[in-house]
Amino acid sequence: MRRILLCCAAVLACMATVGCWNRTELDELGITVANGFDRSGDDWEMTHQVIVPSASGASQGGGSAGGGSQPSVYVFTTKGKTIREAADRGYTENPRRLYFGHTDIIVIGKEVAERGIEQVLDLYFRNIDARETVLVAVTDGKASEIMRKMVPPEKIPGTALAEILRKQNSSSSYFPVVNVFQMAQKLVSDAQTVGVPEIIVTKGNAKALESLDVNKTTSPPVKMKVERLGVLHQNRLVGYLNRDESYGISWLTNQIKGSTISFSCSGAAAKTKNGTVRITSAKTKVTPVRAGEQHYNMRVETEASGDLLMEFMCEEDLSKPQSIKGIEKAVAEEIRNKIEMGWEASRKLRVDLPGFADKIHRKDPKTWKKLKNDWSEELTRIELDIRVKVKLQRPGLTKKSFDTLLNQEQK
């Protein structure tokens, strides 16, 4: 009987302790959507962009007028000897426990990028709350300044910045999108180089983006945009590529998701672009080709297909096969020029953005052992054999440009 009573007491005790004994209520969490990393001397500065649930909920639902007058995010900066110490000091001024599971983007300030980002990567791979899929951007200044800016007309700036990176990547492919895991993967590869989009604030009154008043104008005096591609080599920022150079690297590294290519009509000046092809699919294959006992060049084979549905102001008749072939040749030449431009920019920085080192290592490990100690010098000797094929799938609804039809009617 005694044993039965003890068992019943144990069961009752267990039933009393089950449930959400270690729960955290939502109103106790400070959900961060963006984080910025800066250095101030030997100290770390961490800037948090935290969602204000009452304001964001009201603005999305179109409800109370009070919510609409309040920013949807709260931004604050803390300082410490380490990143974790800086984050923990946030509790001296923030009543909620910071939660990093929904962070969309991290922005790395110029000083951090130049001095080394290994501590940032270590934090994200060691912390169970952080996700390695969060997007990464750099800025040529303080990350805290980017964190404090609005992105009209969006309510959550951090989410909006992440969407800008994704949309430009899928629609234009000018700048590759990279997350924490991909960045770490490339930095520990043989090439030890990664390209990260740079976010800037355009010239003007930057303070205007820190107030909701910016949403009261149809044309904000200043805005944030993706400007260049920051190049990190061995954990440090070593330079930048402009949009065209970054676009060439996107072609060279098979990262074209969708894009448009402008081309010149037959006989027109190279700077005059009269037509545009929408690239719907693209594939690039890079193959190391031995050129000497301990030297390799690269054969670049690119295949792209697209539609002539955007613009066409040339005199050619699209019902004729030779006209289509002429357009395909012109677009292929534009792609070739962009690839060469991207490679020259990478070679000028003496870094391996295309990842040629990894391809040589996989193909010829013995030769790679001899090349890796002087790889930056070997890069300057590599030449590209570029072969581009373009297939025009649909020419659009009309076979001749409107300008051509108008001239014919006038005659």
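Analysis parameters
- Residues numbered from 1 in each chain as written.
- Predicted model: local features only at pLDDT ≥ 70, side-chain atom pairs only at ≥ 80, totals over all residues.
- Heavy atoms only, no water.
- Helix = DSSP H or I, 4+ residues; strand = E, 2+ residues; numbered from the N terminus.
- Buried < 20%, exposed > 50% of the residue type's maximum accessible area, 1.4 Å probe, protein only.
- Contact = heavy atoms within 4.5 Å.
- Areas by Shrake-Rupley, 256 points an atom, 1.4 Å probe, with all protein chains shown as cover.
- 1 Å grid on protein atoms, 1.4 Å probe; cavity = no way out; pocket = protein on both sides within 12 Å on 5 of 7 lines; lining within 4 Å.
- Points joined across faces, edges and corners; volume = space filled by probe spheres on them.
- Nonpolar A, V, L, I, M, F, W, Y, C, P; charged D, E, K, R; others polar.
- Core = buried A, V, L, I, M, F, W, Y, C linked by side-chain atoms within 4.5 Å.
- Patch = residues over 30% accessible without salt bridge, like charges linked within 9 Å, V, L, I, M, F, W, Y side chains within 5 Å.
- Salt bridge = Lys/Arg side-chain N within 4 Å of Asp/Glu carboxyl O.
- Lys, Arg positive; Asp, Glu negative; His and termini not counted.
- Charge placed at Lys NZ, Arg CZ, Asp CG, Glu CD.
- Disulfide = S-S within 2.5 Å.
- Axes fitted to C-alpha atoms, helices over the stretch in contact; angles between N-to-C directions.
- Parallel < 35°, antiparallel > 145°, perpendicular 65-115°, else oblique.
- Arc of directions from axis to C-beta.
- Phe/Tyr/Trp six-rings, centres within 6.5 Å; stacked < 30°, edge-to-face > 60°.
- Lys NZ or Arg CZ within 6 Å of the ring centre and 35° of its normal.

Caption draft 1: Quick look at the overall build of the protein. Secondary structure summary: the protein contains 15 helices and 13 strands in total. Across the 411 residues in the protein, those meeting the buried criterion constitute 45%. Considering only intrachain contacts with a sequence separation of at least 6, the fraction spanning at least 24 residues in the protein is 71%. Carbon and sulfur atoms form 51% of the exposed surface of the protein, whose accessible area is close to 21600 Å².

Caption draft 2: Focus on the layout of surface pockets. Taken as a whole, the largest pocket spans an internal volume of roughly 640 Å³. The wall of the largest pocket is formed by 29 residues, among which Lys-186, Thr-253, Gln-255, Leu-353 and Pro-354 lie closest to the centre. Of all the secondary-structure elements, those providing two or more residues to the lining of the largest pocket are helix H9 (180-187), strand S7 (193-201), helix H10 (243-252), strand S11 (275-290) and helix H12 (356-363). Its volume calculated, the second largest pocket comes out at about 240 Å³. Together, Tyr-174, Arg-243, Asp-244, Tyr-247, Thr-260, Ile-261, Ser-262, Lys-273, Glu-334, Asn-337, Lys-338 and Met-341 line the second largest pocket. Per-element tally for the lining of the second largest pocket: the top contributor is helix H11 (residues 321-348), with four residues. A per-class count over the lining of the second largest pocket returns four nonpolar, three polar and five charged.

Caption draft 3: Highlighting empty space enclosed by the protein. In the structure shown here, the tally under the stated rule is two cavities of 30 Å³ or more. Looking at the largest cavity, its volume works out to about 70 Å³. Contributing to the lining of the largest cavity are Met-46, Ile-83, Arg-84, Ala-87, Phe-100, Leu-123, Tyr-124, Asn-127 and Ala-130. With three residues, the single largest contributor to the lining of the largest cavity is helix H4 (residues 83-88). Grouping the amino acids of the lining of the largest cavity by side-chain chemistry returns seven nonpolar, one polar and one charged.

Caption draft 4: Examining the nonpolar core more closely. Residues Trp-251, Ile-327, Ile-335 and Trp-375 are the most contacted members of the largest nonpolar core, which totals 38 residues. The biggest single contributor to this core is H11, with seven residues. Once residues lying within four places of it in the same chain are set aside, the contact partners of Ile-327 are Phe-263, Val-277, Leu-308, Phe-312, Leu-318 and Leu-392.

Caption draft 5: Quick peek at unusual backbone geometry. In this model, Pro-152 is joined to Pro-153 through a cis peptide bond whose omega is 0 degrees. If you trace the backbone, Pro-153 turns up in the loop between helix H7 (143-147) and helix H8 (157-171). Positive phi outside glycine occurs at Gln-234, with the angle close to 50 degrees. As for its position among the elements, Gln-234 is in the loop between strand S8 (224-233) and strand S9 (236-241). Its identity is not glycine, yet Asn-254 carries a phi of approximately 60 degrees, on the positive side. Position of Asn-254 relative to the elements: it lies in the loop between H10 and strand S10 (259-263).

Caption draft 6: Here's a closer look at the side chain of Thr-276. Locating Thr-276 in the fold gives a position in strand S11. Excluding anything up to four places from it in sequence, Thr-276 contacts Thr-260, Ile-261, Ser-262, Phe-263, Asp-307, Leu-308, Met-310 and Glu-311.

Caption draft 7: View of the environment of Lys-207. For Lys-207, the position within the fold is in the loop between S7 and S8. The exposure class of Lys-207 is exposed, given its relative accessible area of 56%. Separated by 15 residues in the primary sequence, Lys-207 and Val-222 place their C-alpha atoms 9.0 Å from one another.

Caption draft 8: View of a positive patch on the surface. Taken together, the side chains of Lys-366, Lys-369, Lys-370 and Lys-372 make up a positively charged region of the molecular surface. By the element assignment, Lys-366 lies in helix H13 (residues 365-371). Owing to a relative accessible area of 69%, Lys-366 belongs among the exposed residues under this scheme.

Caption draft 9: Seen up close, the state of the cysteines. Counting across every chain of the model gives one disulfide. The disulfide bridge from Cys-265 ends at Cys-314, spanning 1.7 Å between sulfur atoms. As the torsion about the S-S bond is roughly -85 degrees, the Cys-265-Cys-314 disulfide counts as left-handed. Here Cys-265, found in the loop between S10 and S11, pairs with Cys-314, found in the loop between strand S12 (296-312) and H11; they are 49 residues apart in sequence, far enough to count as distant.

Caption draft 10: Seen up close, the packing of H10 against H11. Packing of H10 against H11 leaves a shortest axis separation of 7 Å and a crossing angle of 105 degrees. If you check the angle between H10 and H11, you find them roughly perpendicular. Contacts between H10 and H11 involve Asp-244, Glu-245, Tyr-247, Gly-248, Ile-249, Trp-251 and Leu-252 from the former and Ile-335, Lys-338, Ile-339, Met-341, Gly-342, Trp-343, Ala-345 and Ser-346 from the latter.

Caption draft 11: A look at helix H6 (residues 118-126). Burial in H6 covers these residues: Val-120, Leu-121, Leu-123 and Tyr-124. Mapping the buried residues of H6 onto a view down its axis gives an arc of 155 degrees, with all of them on the same face. Taken together, the buried residues of H6 touch strand S1 (29-40), strand S2 (43-51), H4, strand S5 (105-108), helix H5 (110-115) and H9.

Caption draft 12: Highlighting the packing of aromatic side chains. If you walk through the whole model with that rule in mind, you get six aromatic pairs. Where Tyr-74 meets Phe-76, the ring centres are 5.3 Å apart and the plane angle is 25 degrees; that geometry is what we call stacked. You can call Tyr-74 partly exposed: its relative accessible area is 35%. Aromatic side chains Trp-343 and Phe-356 sit 5.0 Å apart centroid to centroid with 55 degrees between the ring planes, which places their arrangement in the tilted category. Of this pair, Trp-343 sits in helix H11 while Phe-356 sits in helix H12, and the two are 13 residues apart along the sequence. Side by side, Trp-343 and Phe-356 carry an identical accessibility label, which is buried. The ring of Tyr-174 has Arg-243 lying over it, and the distance from NZ or CZ to the ring centre is 4.8 Å.

Honestly, it's all geometry; don't read function into it.
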